[in-house]
Amino acid sequence: MSGLLAGKRLLITGVITDQSIAFSTAKLAQEQGATVVLTGFGRMSLVERIAKRLPEPPPVIELDVQSAEQLAGLADKVREHVDGLDGVVHSIAFAPQSCLGGGFLDASWEDVSTALHVSTYSYKSLAMAALPLMGRGGSVVGLTFDAQYAWPVYDWMGVAKAGLESASRYLALHLGKQGIRSNLVSAGPLRTMAAKSIPGFEQFEDEWVRKAPLGWDLGDQQAAAKAVLALLSDWFPATTGEVVHVDGGFHAVGA
């Protein structure tokens, strides 16, 4: 099969609904010739049902990124389906409600630590769990939301994303010797399940649509997914530690 990702073996996390960036990434990756393995957590039956909507229903592995045991067993689980990996997509984030929607000053460390573990530290732990399956030319790609600003209502998730962006740079530093790249895609606001869970998130959606030089479609996950695919491909062999903005140019003109 020909395509941008022909012959690539990818592990993609974070497919919960068919409106997610992760789903669009998996769909386009298959259309571009990749073999895809998904991970899911919690509502596994839901993830498996959504996976069947892809062009070729992929295997789904249960993975809780807070579980050292499941992370340690991930490589063996993946080997049941593919003999190695060329790319890993990190599309995982979570924060308790106390950490969002204006609760920055009141959130407890217990809740904040959960947000940082799931949304930040898991980027490194997922990469290390997959590392035994990856060789030179491999690529780890994550998803962020521009962390150079303090966004209304984003609160501790914004802090977690800032940590994620830093963690990606350090991963680029430490995995570069093995020929493995680490990059992030910073997408503009999208009406995904994750966005809907953030109280007040809609308050800057209209501003984004109005100010982005290219305009911004709140329902178009494919633009971000295409950037993820590009970073997974062989067309960015010397790019690592980068944050690629897919936001209609909003970041360039300021908030």
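Residues numbered from 1 in each chain as written. Predicted model: local features only at pLDDT ≥ 70, side-chain atom pairs only at ≥ 80, totals over all residues. Heavy atoms only, no water.

In the nomenclature of an unreviewed UniProt entry, the protein corresponds to Enoyl-[acyl-carrier-protein] reductase [NADH] from the organism Phytohabitans houttuyneae. Here the protein is described in UniProt, under the heading Catalytic activity (unreviewed entry), as follows: "a 2,3-saturated acyl-[ACP] + NAD(+) = a (2E)-enoyl-[ACP] + NADH + H(+)". UniProt, in its Sequence similarities (unreviewed entry) section for the protein, records the words "Belongs to the short-chain dehydrogenases/reductases (SDR) family. FabI subfamily." (UniProt positions renumbered as here; feature names shortened; annotations may be inferred.)

(A) Here's a closer look at the UniProt feature "binding site: substrate" (unreviewed entry) in the protein. Mapped onto this numbering, the UniProt entry gives "binding site: substrate" (unreviewed entry) at A95. With respect to the helices and strands, A95 occurs in the loop between β4 (85–90) and α5 (109–130). Residue A95 is classed as buried on the basis of its relative accessible area of 6%. Beyond its immediate sequence surroundings of up to four residues, A95 is in contact with L100, A115 and M157. (Helix = DSSP H or I, 4+ residues; strand = E, 2+ residues; numbered from the N terminus. Buried < 20%, exposed > 50% of the residue type's maximum accessible area, 1.4 Å probe, protein only. Contact = heavy atoms within 4.5 Å.)

(B) Just the pattern of salt bridges, in detail. Under the criterion given, the structure shown has eight salt bridges. A salt bridge links D83 to R9; the nearest nitrogen and oxygen atoms lie 2.6 Å apart. Here R9 lies in strand β1 (residues 9–12) and D83 lies in the loop between α4 (74–79) and β4, a separation of 74 residues in the sequence. Where D86 meets R9, a salt bridge forms, and the shortest distance between an N and an O atom there is 3.0 Å. (Salt bridge = Lys/Arg side-chain N within 4 Å of Asp/Glu carboxyl O.)

(C) Region of the structure containing unusual backbone geometry. Non-glycine residue V153 carries a positive phi angle of around 70 degrees. Inspection of the secondary structure assignment puts V153 in the loop between β5 (134–144) and α6 (155–175). The buried category is assigned to V153, whose relative accessible area is 12%.

(D) Summary view of helix α1 (residues 21–31). Within α1, nine of the 11 residues are buried, which leaves the element mostly enclosed by the surrounding structure. Positive phi appears at G33, one or two residues downstream of α1, with a value of about 100 degrees.

(E) Geometry of the pairing of strand β2 (residues 35–40). Within β2, five of the six residues are buried, which leaves the element mostly enclosed by the surrounding structure. Bridge count between β1 and β2: four bridges; the pairing is parallel. Across the sheet, the residue bridging to L10 is V36, located in β2. Of the crossover connections in this fold, the one passing from β1 over α1 to the parallel β2 is right-handed. Of the strand pairs in this sheet, β2 and strand β3 (residues 60–62) are connected by three bridges, and their pairing is parallel. (Pairing = 2+ DSSP bridges. Right-handed = clockwise from strand over helix to strand, strands pointing away.)

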